[in-house]
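Here's the letter readout for the chains.
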Amino acid sequence: MSIQIAASILSADFAKLGEEVKKVSDLDADLIHIDVMDGNFVPNITIGPGVMSAIRPYSSLPFDVHLMINSPSNHIEAFVNAGANIITIHAETEVHLDKVIRKIKSYGVKAGISIIPSTHPSVLEYIIHELDVVLVMSVNPGFGGQEFLTSQLDKISKIKCMIKKIATKIAVDGGVTASNASSIIKAGADILVMGSAVFKAEDIAKTIYSIKSLF
């Protein structure tokens, strides 16, 4: 089993964001996870394509863009142009999910769908075969540093059963730490989105290595 670490820049020092991105890229992170929030779908507001373009030169890693925004289909092209390699939208924000996924893929980038803790995984049933990634939110989205909701372990396992014969990966985002990583991976996660646990770690390289060495 090969576990990937997606370093979430929501927990980085925004005063030196480019340097922070370079640092985790050099210390064996696999993806740079970028949370985009609009103040509507979630209460917080973060960054847009302009900031993303500015930090793109600091890393050769894939930019994993998580759009926590309403009507994300209106903004796909802007984030592709800013350097996105993976774009994940929320199932709760679009009616025609299959249409938006096709639009994302038409730009030659990978596509994913995220679901909040209260959303049942059955929403994925008729589209999961089209997805590169399913992002399970293990906190209520909008703020970093929240505690992992253990109720989502069962959801991760259910989704794992849904993707047995396809290449879709499961990412988990929210409250992921070195202490709970093992149970999350056992439930079926392929990608761990880690913010505070990486950027606030005393030894980032050691933290990443210890988690990748679990299995």
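Conventions adopted
- Residues numbered from 1 in each chain as written.
- Predicted model: local features only at pLDDT ≥ 70, side-chain atom pairs only at ≥ 80, totals over all residues.
- Heavy atoms only, no water.
- UniProt positions renumbered as here; feature names shortened; annotations may be inferred.
- Helix = DSSP H or I, 4+ residues; strand = E, 2+ residues; numbered from the N terminus.
- Buried < 20%, exposed > 50% of the residue type's maximum accessible area, 1.4 Å probe, protein only.
- Polar contact = N/O pair within 3.5 Å; in protein donor to acceptor, adjacent residues only side chain to side chain.
- Contact = heavy atoms within 4.5 Å.

Asks: Go over the UniProt feature "active site" (unreviewed entry) in the protein chain with me, naming the residues and quoting the values.
Replies: UniProt marks Asp35 and Asp173 with the feature "active site" (unreviewed entry), using the numbering shown here. The named residues occupy 139 residues along the chain; their greatest pairwise C-alpha distance, 10.4 Å, places them in one compact cluster. Summarising the element assignment, Asp35 is placed in strand 2 (residues 31-37). A relative accessible area of 6% means that Asp35 is categorised as buried. A distance of 3.3 Å separates a polar atom in the side chain of Asp35 from a polar atom in the side chain of Ser8. Those residues within four positions of Asp173 in sequence are excluded, and the remaining contacts are His33, Asp35, His66, Leu135, Val136, Met137, Ser138, Val139 and Val193.

Asks: Explain the UniProt feature "binding site: substrate" (unreviewed entry) in the protein chain residue by residue, including any values.
Replies: The positions that UniProt labels "binding site: substrate" (unreviewed entry) are, in the present scheme, Ser8, His66, Gly142, Phe143, Gly144, Gly145, Asp173, Gly174, Gly175, Gly195 and Ser196. In this fold, Gly144 is placed in the loop between strand 6 (133-137) and helix 5 (152-162). With respect to the secondary-structure elements, Gly175 resides in the loop between strand 7 (169-173) and helix 6 (181-187). A residue is classified by how much of its surface remains accessible, and Gly175, at 22% relative accessible area, is partly exposed. Those residues in contact with Gly175 that sit more than four places away from it in its chain are Val139, Gln146, Glu147, Phe148 and Asn180.

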